[in-house]
Amino acid sequence: MPSIGAVRSESSGEVRSGSGSTPQKRRSISGGPISPPSPVKWKSPRRSVNGSPKTPSKEIEKDSDAKATRLHKSPMKNLSEIFLDKSKWNPGDSKQMSAAKEALHVSTVPSTVVCREDEQNRIMDFCKACIEHEKAGSLYACGCPGTGKSLSMEKVRRALVDWAGQAGFQPPDLLSINCTSLTNTQEIFSKILEKHQPRKKTKSSTSPLQHLRNIYSKKQQSSGMKMMLIIADELDYLITRDRTVLHDLFMLTTLPFSSCILIGVSNAIDLADRFLPKLQSLNCKPMVVTFRAYSKDQILKILQQRLMALPFPVFQPQALELCARKVAAASGDMRKALSVCRSVLEIVEAELRESVNSLSVSSEKGAFDQQTLPALDSLTNQEINIVRVDHMATALSKTFRSPIVDTIQSLPQHQQIILCSAVKLFRGGKKDTTVGELNKSYVDICKSVLVPPIGILELSSMCRVLSDQGLLKLGQAREDKLKRVTLKVDEADIAFALQGIRFFRNCLQ
Amino acid sequence: MAETPQKSFHSPRKAHKPSPSTPIIPQTPQTVTPSRSSRQVSSPDPSDLRRSSRRSSLQFLEPEKRSSKATKYVKKGERSKLPVTPDVSEARKRKSPDEGNVVTRARVSRNAGLMRKKRVYYKKVVYDGGEFAVGDDVYVKRRENASSDDEELQVEELFETSAEGGSRRGLDMPVCEARKLGKEVVLPKPPKGKKRKRTAREKLLSSDLWTAHIENIWKEVDGTYWFRGRWYIIPEETAAGRQSHNLRRELYRTNDFADIEMESIIRLCYVMSPKEFTKANNEGDDIFLCEYEYDIHWHSFKRLAEIDNGEEGNEEADNDVDWDYGKDSGSDTEEDMEYEEENVNNLPSGPSPAHAVAANSWKGRIFGLKKIGTKKIPGHVRCHKQTELERAKATLLLATLPKSLPCRTKEMEEITAFIKGAICNDQCLGRCLYIHGVPGTGKTMSVLSVMRNLRSEVDAGSIKPYCFVDINGLKLASPENIYRVIYEALSGHRVGWKKALHLLNERFADESKIAKEEIRPCILLIDELDLLVTRNQSVLYNILDWPTKPHSKLIVIGIANTMDLPEKLLPRISSRMGIQRLCFGPYNYQQLQEIISSRLKGIDAFERQAIEFASRKVAAISGDARRALEICRRAAELADYHIKKLTSPPDSSSEDGTLPLFLASQTGLHFVEKYYPLVPKATVSSLDGSIFLCFPGKALVGMAEVEAAIQEMFQAPQIQVMKSSSKLSKIFLVAMVHELYQTGMAETTFEKLSVTVSCLCTSNGEKFPGWDTLLRVGCKLGECRIILCEAGAKHRLQKLQLNFPSDDVAFALKDDKELPWLAKYL
């Protein structure tokens, strides 16, 4: 084990010393029930985790295994030891900072795609089977945004070419299209055709689709008909009103001598069922691979894997876990997790800049932080050299916090009165009202508190501003007065936001 | 200026003027010497020469008539050269008859040089036989001691072939050198066989020559002639290099100016807009096409407006204005100040990176009055001193850009940090920022000012250069057109949006392209982002997908009003948009106050309470800074208007008592309150007249004016309409309100209403007008949308309804002077 660690640290240009005993100990602690999913495609997590200098991740693993219910008590001591013998991350160093940022950037493609092995294998098997039997086929991958669909497709594509080379099959032609970049839905056929016959100029008399059909329905004279792998990203952009394009595209794979392996990628889980009922009757329904939203553990693992490239710890393990939990609970979108991590780095940067400005203050603050965070109690670090949980909490609250209360509190007074009057109107169980009625109620309130009301024209433009801010919903109507108004925020939110102002407390009684 | 003595003083000097003129041209070696001798030939009559020079000295004395004199003078020069032309060309063995104008070197104009302490500007000059006017384009020699160039030119002139030579590709330097060498060998005796020749055009296209646009021409104090040139560059010299869409003869106009001695001009060429280019037929080889202006500092392309190529007379002024617009549309309010700054910047910086100094340019000399071509400001404009109020009005205009932007420092810091974080490192990581906020909270302004600051940092060298593309969604004909606009801004080429999408995809998303390293980061600012939302949102998807690609180096900043736009979009788009948000909340009253007072800094025109009143009022309603500024401006206007009224008829204001009445009738009561205490003072001082005129200048805009402006802006127009409507309409409205009070129903029919109206009329001694008149009155009110009425077909059963609350009617008609009895029904 230490040897791997040494190799790693060597590769990252770091010198580690005196860590021989600690990793061992750690391993004994965490050698638990992590099951390396498929050691074929990537290094087992255990190995990499143990070997890497990124030791804190181990704590997380362990912690998560223990279902993370108890507080971080026992590992603390261990942690502090680790910190002491580790190379420190210096956020003040712009090079290190930018390296960390780059590792966490969306566009950085990780060398291995973790946590998607299962799906990748299924897709891979499907493609292999198709190529082996020289049979056309179709597959549909669906899943929420940010769940690694396009990334996995990219990996599969590469792996497939390698595999074909090794297995002695003719490597298939590759065509990956993002359907949003097509100017016209029919264009996809001409792109496929172009790939088929790069030289030949298509005759104008037959459409590309027709041409493709001809190719696929005739027996090819030459044996060297290559298979073609078509990856169509964002497939739902091909849905036209009569659905012909999508249908025709999948029908291509059912033709007798078709040679294309079609993989469609999209968000909608039931796209194939809804839009391709005819395929089902032909019994060539595409195989469906679903990419589930990432769970907390998976997000954590991916983040760790990305950070592994760095020779120094950037995040406190608890901070990473907090991020993973929060994102997994909200959407399971990996992009979001990455951008949260990135914004954390920016927060740290800003904090650092401040502390440079006022050194004495920052040291005081650091002391304060140490008190609040028992994890760092034993440490004597005066400056920030790791992203702590509190940083992460700030970033997460910036991302996920609903800004409604702040927005309401910062509204101009008259707009607050409008909201009040809307709340009053909807007290009686009404669901919606019109601008005209809202105006009446608003004028009543204004009169009762002796504020000169504003005109109805002004009021309707303010309603629009409020609907821009997501507080009201304004319907469509020819006349301003007749527009439907509904409240989009909870009454309680408004009451809470305005409770500090006596003026409104009376209004809302 | 003592003109006459100088004139007499100068005329004797002319006799030996030619001799000092010869050493001025040391840089042109022996090849040019024949031309010098030809000059002697071309000026046959010394008396003629003297006459001409005297005329030119006369022309110095009358700067107003300068241009006309100059042209006359030019005519003379032409006359003198006409007979000479044949034998000169004979002497130089030119075989090209079409090059006649180059051959004749009637350099009379040079002799006219007089020692003056001033530069003299010309519109048109005959120099070395060529006729050069402001607005012409010329070939310029590239460097000093360019003897090979000169020889080559000779060669070219010797073996001139058809204008449409070959379309050779731009040559790289070694080949050029080889060519040169080859030619020099050829030079002594022209062989009969195939001869390689390079026309001036070809030399230009292989960057051995330069072209410039003459902005203005002047004669220096030492008698040399200079012109200010605006460089053109060939596509190879741009950052983008020659691209496939560049035409063979395409040039780019730059924003790079240089002062060049006329000596380095070779001859005229013609740079045209594409339209002219297609029509051009008889200009020969030296025609070029120029469609874009190229910013040498920012490496960006801008299509030239058609108007730019218009008349030559005010080209200089046009260009400058245009340039100001293009560069920083209003980083500074005063235009000429900006120009001055720019000149100052240009001066010490010396030669720009794109072009080294041309042959015999200024040799380290810097003259104070380098700014040239400025027109004299007419006296009457200058002597009018702006009053404080007028200055206040000017600074409060929305169009004026303030010098400082208070209250948004935090947001601007955040934007700066965002951009810097993205572009400062070596590798530019694509990112996306969404800025939202209600209108008038400084969103666009903040971003633009951040970009300006960054720009100065780029100039200072602390940040690597980047491209900045600014797009307003509202200005796009369709959302898809954004691809076209982006591509044109990045590459200077116009293509259709489909093609542009393809090319942009290649640039941003295609990983296979290797030449990614040279691409500089691109910052894309999209104002009114919500307008790009199409039905399937593919435009937004594409734009927001690019930053997530490796090597895209694209940073997107989107601005919109809607706070929850990302949530309204498809989840896949909001996922790509990231979580970077920036909210511009509405201003509170302290901020508005600060904004207004920072604009009015140094101008003593507003009372402090007045500003506070205006800002409190706006902050309570919308927090829109535009509105606050408008109110203050309107208030200043009102105050200005009344002061002017006050001063213009001094007779009416001199009598005590008439003034308040006059004011009251003109403006309403609140002004009387303001000016009443001042009236005694004013009348007293008006006795001696002059002091009286001083008094209005001191007037401050007070609460009353602000109140009036707010009334104008916020008070609903319907009150005004009701107040000013006819007697019968007022009765009609009151009847409707009365009906409403009695029945409690919002709707009434015309029949019922007319009964009420007749009741009202009879009981108050008015004559009932009759039904059809009443109906017409109702129609008019309906057209004004004061009342809502059904279609007229039902006639008596037509349903009517007040469009505004009855309180408005009551407010408007309660204290009506004409019909005081209306009040009792309200």
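Here, the structure is the one placed above.
By convention here, each chain's residues receive numbers from 1 onward along its written sequence. The order in which chains are written sets their letters, starting at A; the order in which ligands are written sets their numbers, starting at 1. pLDDT decides what is reported in this predicted model: residues at 70 or higher carry local features, side-chain atom pairs at 80 or more are listed and counted, and totals for whole chains, interfaces and linings draw on all residues regardless. Side-chain measures were taken over the full set of non-hydrogen atoms in the model, leaving aside hydrogen atoms and water.

A.B. asks: Before we move on, can you summarise the overall build of chain B with the specific residues and values?
C.D. replies: We count a stretch as a helix when DSSP gives it H or I for four or more residues in a row; a strand needs E for two or more, and each element gets its number in order from the N terminus. Each helix and strand counted, chain B has 37 helices and 18 strands in total. Evaluated residue by residue, chain B yields a buried proportion of 51% over its 826 residues. When checking whether two residues touch, look at their non-hydrogen atoms; a contact exists if any pair is within 4.5 Å. Of all intrachain contacts in chain B linking residues separated by at least 6 positions in sequence, the fraction that spans at least 24 positions is 73%. For accessible areas, the Shrake-Rupley method is used with a probe of radius 1.4 Å. Any residue's cover is judged against the shown protein chains and nothing else. Carbon and sulfur atoms form 56% of the exposed surface of chain B, whose accessible area is close to 38700 Å². Relative accessibility thresholds used throughout: buried, under 20% of the residue-type maximum; exposed, over 50%; partly exposed, between the two (1.4 Å probe, protein chains only).

A.B. asks: Can you explain the overall build of chain A? Please cite residues and give values.
C.D. replies: Helix and strand counts for chain A come out as 24 helices and eight strands. Within chain A, the fraction of its 509 residues that count as buried is 51%. In chain A, the share of contacts with a sequence separation of at least 24, taken over all contacts with a separation of at least 6, comes to 75%. Accessible surface computed for chain A: about 24000 Å², of which carbon and sulfur atoms make up 52%.

A.B. asks: Mind laying out the pairing of strand β14 (residues 554-560) of chain B, listing which residues take part and the relevant values?
C.D. replies: Residue and element names in this part refer to chain B. Judged by how many residues are buried, β14 sits mostly within the fold: seven of seven residues are covered. Every second residue of β14 is oriented toward a common face, with L554, V556, G558 and A560 on one face and I555, I557 and I559 on the other, all of them buried. Inspection of the sheet shows strand β11 (residues 431-437) paired to β14 by six bridges, in the parallel sense. Each bridged residue has a counterpart across the sheet, and for L433 the counterpart in β14 is I557. In the sheet, strand β13 (residues 522-527) pairs with β14 via five bridges, with the strands oriented parallel. We treat two strands as partners when DSSP finds at least two bridges between them.

A.B. asks: Just give me the short version of the interface of chain A and chain B, but keep the residues and values in it.
C.D. replies: Each side of the interface is counted separately: chain A has 46 residues, and chain B has 48 residues. Summing both sides of the interface, chain A and chain B together bury roughly 3900 Å²; the carbon and sulfur share of this comes to 51%. When the buried area of chain A at its contact with chain B is split by residue, T183(A), Y237(A) and D468(A) rank highest and sum to 15% of it. By salt bridge we mean one thing: a side-chain nitrogen of Lys or Arg within 4 Å of a carboxyl oxygen of Asp or Glu. On the surface where chain A and chain B come into contact, there are six salt bridges. Residue E458(A) is joined to R627(B) by a salt bridge in which the shortest nitrogen-to-oxygen separation is 2.4 Å. A 3.5 Å cut-off defines polar contacts: any pair of N or O atoms within that distance qualifies, except that in protein one atom must be a possible hydrogen donor and the other a possible acceptor, and neighbouring residues in sequence count only when both atoms are side-chain atoms. Here chain A and chain B share 17 residue pairs in polar contact (both at pLDDT 80 or more) between them. No other element matches the seven residues that helix α16 (residues 334-357) of chain A contributes to the side of chain A that touches chain B. Ten residue types, Ala, Val, Leu, Ile, Met, Phe, Trp, Tyr, Cys and Pro, are classed as nonpolar, four, Asp, Glu, Lys and Arg, as charged, and the remainder, Gly among them, as polar. Its residues placed into classes, the side of chain A that touches chain B shows 10 nonpolar, 20 polar and 16 charged. Accessible area that two parts lose when put together, evaluated with a 1.4 Å probe and summed over both, is termed the buried area.

A.B. asks: Could you give an account of the side chain of H391(A), naming the residues involved and the relevant values?
C.D. replies: Relative to the helices and strands, H391(A) resides in helix α18 (residues 389-400). A polar contact of 3.1 Å, which involves the side chain of H391(A), links it to the side chain of E351(A).

A.B. asks: Residues and numbers for the sheet that holds strand β2 (residues 173-178) of chain A, please.
C.D. replies: All names here are of chain A. Strand order in this open sheet of five strands is β2-β3-β4-β1-β5, and the pairing throughout is parallel. At either end of the open sheet lies a strand with only one pairing partner, and these are β2 and β5 (287-291). Each strand of the sheet is rotated relative to its neighbour by a mean of 15 degrees, with strand direction disregarded. Relative to β5, strand β1 (residues 137-143) runs parallel, the two sharing five bridges. Here an angle of 0 to 180 degrees is reported between the N-to-C directions of two axes, which are lines fitted to C-alpha atoms, with helices fitted over the stretch in contact.

A.B. asks: Please give an account of the pattern of salt bridges that cites residues and values.
C.D. replies: Side chains that carry opposite charge are capable of pairing whenever their charged atoms lie near each other. With the rule as written, the count across this model stands at 40 salt bridges over all chains. Its salt-bridge partner being E411(B), residue R408(B) comes within 3.4 Å of it at the nearest N-O pair. Here the two residues R408(B) and E411(B) agree in accessibility, since each one is buried. A salt bridge links E567(B) to R581(B); the shortest N-O distance between them is 3.7 Å. Taken together, the residues E567(B) in helix α22 (residues 565-568) and R581(B) in strand β15 (residues 581-584) connect sequence positions 14 residues apart. Of the residues examined, E567(B) reaches a relative accessible area of 54% and is grouped as exposed. Overall, the relative accessible area of 30% leaves R581(B) in the partly exposed class. Each of E234(A), D236(A), D545(B), K549(B), R572(B) and R576(B) takes part in a single network of salt bridges with overlapping partners.

A.B. asks: A description of the packing of aromatic side chains should follow, citing residues and the corresponding values.
C.D. replies: Any two of the Phe, Tyr and Trp rings considered here, Trp counted by its six-membered ring, make a pair once their centres fall within 6.5 Å; the pair's planes then place it as stacked at under 30 degrees, edge-to-face at over 60, or tilted in between. Taken as a whole and judged by the stated rule, the model has 13 aromatic pairs over all chains. Consider the rings of Y483(B) and W546(B), whose centres lie 6.2 Å apart with planes at 65 degrees: the pair is edge-to-face. Of this pair, Y483(B) sits in helix α19 (residues 481-491) while W546(B) is found in the loop between α21 (538-545) and β14, placing the two residues 63 residues apart along the sequence. Relative accessible area serves as the criterion here: at 1%, Y483(B) is assigned to the buried category. Look at W546(B) and you get buried, because its relative accessible area is 1%. Each ring, one from W821(B) and one from Y825(B), has its centre 6.1 Å from the other, and the planes form 90 degrees; the classification is edge-to-face. Given a relative accessible area of 13%, W821(B) falls into the buried group. What makes Y825(B) buried here is its relative accessible area of 17%. Criterion for a charge above a ring: Lys NZ or Arg CZ within 6 Å of the ring centre, and within 35 degrees of the ring normal. The ring centre of Y294(A) lies 4.2 Å from the NZ or CZ of R116(A), which sits over that ring.

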